Amino acid sequence: MTWAVTMDVAEPVELYDAVHRALLERTGGVVDGLLVHLARQTADGFQVVEVWESREGFERYSAEVVGPLATEVLQGRPRTPTVVTPFDVRGLVLPRAGIAV
C-alpha cells in the first residue's frame, strides 16, 4: 500500500541541505521504495514530504541510512525532535515515471 509522511524539523534549512547532499552522494538518488521526496523551508526550519511504496521501506531507510548520516552531519550535536505525520495516499500521479495510484 502506498504510504506517505511529512516531517517537520525545527533546525536551520542548511542542515537539510547538508544531509540531502550527503544522501545524494551515497545513494545517487536511487532509494528502493521511495516514490517522491520534496522539501521546503518553513518559518521554523524545514519540512520534508515523502511518498513510499510501504511504511516498512520508509522505516528501514530512515533507520539504516538517514539516521546515521544525520548523526554524522550533526557531529555530536543533539537532534531536535522531528514532528512526523504519516498519512495514507489517496491519489498520486507521476506521469514520467508511469505511476498512477
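Shown above is the structure to which this text applies.
A. Representation of the packing of aromatic side chains within the structure. For the coordinates displayed, the defined rule picks out four aromatic pairs. Where W52 meets F58, the ring centres are 6.0 Å apart and the plane angle is 70°; that geometry is what we call edge-to-face. F58 shares its class with W52; the two are buried. With a centroid separation of 5.7 Å and an interplanar angle of 45°, the aromatic rings of W52 and Y61 are classed as tilted. For W52, a relative accessible area of 0% translates into the label buried.

B. Here's a closer look at the environment of Q47. Here Q47 shows up in strand β3 (residues 46–52). A relative accessible area of 14% places Q47 in the buried class. Along the chain, Q47 and E72 lie 25 residues apart, while their C-alpha atoms are 20 Å from each other. Apart from residues lying up to four places away in sequence, Q47 is in contact with T6, M7, D8, L38, A39, R40 and T42.

C. Representation of unusual backbone geometry within the structure. Despite not being glycine, Q75 shows a phi value in the positive range, around 50°. By the secondary structure assignment, Q75 is in the loop between α2 (55–74) and β4 (82–88). Exposure remark for Q75: the relative accessible area of 73% places this residue in the exposed category.

D. Quick look at the nonpolar core. Formed by 19 residues in total, the largest nonpolar core has its most connected members in V19, F46 and F58. Where this core is concerned, the elements lending two or more residues are β1 (3–9), α1 (13–27), β3 and α2. A per-element tally of this core places α1 first, with six residues. Those residues in contact with V19 that lie beyond four places of it in its chain are L69, A70 and V73. Counting residues in hydrophobic clusters, the runner-up holds five residues, among them A4, V36, V51 and L92.

Reading guide: rules and limits
- Residues numbered from 1 in each chain as written.
- Predicted model: local features only at pLDDT ≥ 70, side-chain atom pairs only at ≥ 80, totals over all residues.
- Heavy atoms only, no water.
- Phe/Tyr/Trp six-rings, centres within 6.5 Å; stacked < 30°, edge-to-face > 60°.
- Buried < 20%, exposed > 50% of the residue type's maximum accessible area, 1.4 Å probe, protein only.
- Helix = DSSP H or I, 4+ residues; strand = E, 2+ residues; numbered from the N terminus.
- Contact = heavy atoms within 4.5 Å.
- Core = buried A, V, L, I, M, F, W, Y, C linked by side-chain atoms within 4.5 Å.

Shape is all these values report; function is a separate question.
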